[in-house]
Amino acid sequence: MLYKNLKIPTIYAYSIIESVFMNLVKNWVLNDFKESPDEFAEIVSKIIPKLYLDLIN
């Protein structure tokens, strides 16, 4: 992954995570909630924790 082991201040890492999350939500809404809330939550739960660990650690 491109972001693996980036040496950036934590505040920017959090901003990246927030942006990814908000864009996921935006795309879900723009696609008329194609996935159920549970399906969408599962998608998010696969992406955000890994992104967090890769950026913060």
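Structure first, text after, so check above.
Everything numeric in this text was worked out from a predicted model, so none of it was measured.

Some details on the overall build of the protein
- When you go through the protein residue by residue, the secondary structure sums to two helices and zero strands.
- Put simply, the protein has 57 residues, and 16% of those count as buried.
- Counting contacts in the protein only where the partners sit at least 6 residues apart, residues at least 24 apart contribute 66% of the total.
- Split by element, the accessible area of the protein, about 4,500 Å² in all, is 63% carbon and sulfur.

Re helix α2 (residues 37-56)
- Between its terminal C-alpha atoms α2 stretches 27 Å, which fits the 28 Å expected from 20 residues at 1.5 Å a residue.
- Listed in full, the buried residues belonging to α2 are Phe40, Val44, Ile48, Leu51, Asp54 and Leu55.
- Tucked inside the fold, the buried residues of α2 contact α1 (10-30).

With respect to the nonpolar core
- Ranked by size, the top nonpolar core spans eight residues in total: Ala13, Ile17, Trp28, Phe40, Val44, Ile48, Leu51 and Leu55.
- Looking at this core, the element that brings in the most residues is α2, giving five residues.
- Once residues within four sequence positions are removed from consideration, Trp28 is found in contact with Phe33, Lys34, Glu35, Ser36, Pro37 and Phe40.

Section: α1
- The terminal C-alpha atoms of α1, which comprises 21 residues, lie 30 Å apart, in line with the 30 Å expected from a rise of 1.5 Å per residue.
- Of the residues making up α1, those classed as buried are Ala13, Ile17 and Trp28. Buried residues along α1 cover an arc of 50° about the axis, so they all sit on one side. Of the residues in α1, the exposed ones pointing more than 90 degrees away from the buried face are Ile11, Tyr12, Glu18 and Leu30.
- Each element contacted by the buried residues of α1 is listed here: α2.
- Within two residues after α1, Asp32 carries a phi angle of roughly 55°, on the positive side.

Section: the packing of α1 against α2
- Orientation of α1 relative to α2, taken along the N-to-C sense of each, is 160°, at an axis distance of 10 Å. With respect to their mutual orientation, α1 and α2 come out roughly antiparallel. The handedness of the crossing between α1 and α2 comes out as right-handed. Note on element contacts: α2 touches α1 through Pro37, Phe40, Val44, Ile47, Ile48, Leu51, Tyr52, Leu55 and Ile56, opposite Thr10, Ala13, Tyr14, Ile16, Ile17, Val20, Phe21, Leu24, Val25 and Trp28.

Analysis parameters
Residues numbered from 1 in each chain as written. Predicted model: local features only at pLDDT ≥ 70, side-chain atom pairs only at ≥ 80, totals over all residues. Heavy atoms only, no water. Helix = DSSP H or I, 4+ residues; strand = E, 2+ residues; numbered from the N terminus. Buried < 20%, exposed > 50% of the residue type's maximum accessible area, 1.4 Å probe, protein only. Contact = heavy atoms within 4.5 Å. Areas by Shrake-Rupley, 256 points an atom, 1.4 Å probe, with all protein chains shown as cover. Expected span 1.5 Å × (residues − 1). Core = buried A, V, L, I, M, F, W, Y, C linked by side-chain atoms within 4.5 Å. Arc of directions from axis to C-beta. Axes fitted to C-alpha atoms, helices over the stretch in contact; angles between N-to-C directions. Parallel < 35°, antiparallel > 145°, perpendicular 65-115°, else oblique. Left-handed = near helix turned anticlockwise from the far one by under 90°.

Such coordinate-based values are descriptive only and should not be taken to indicate function.
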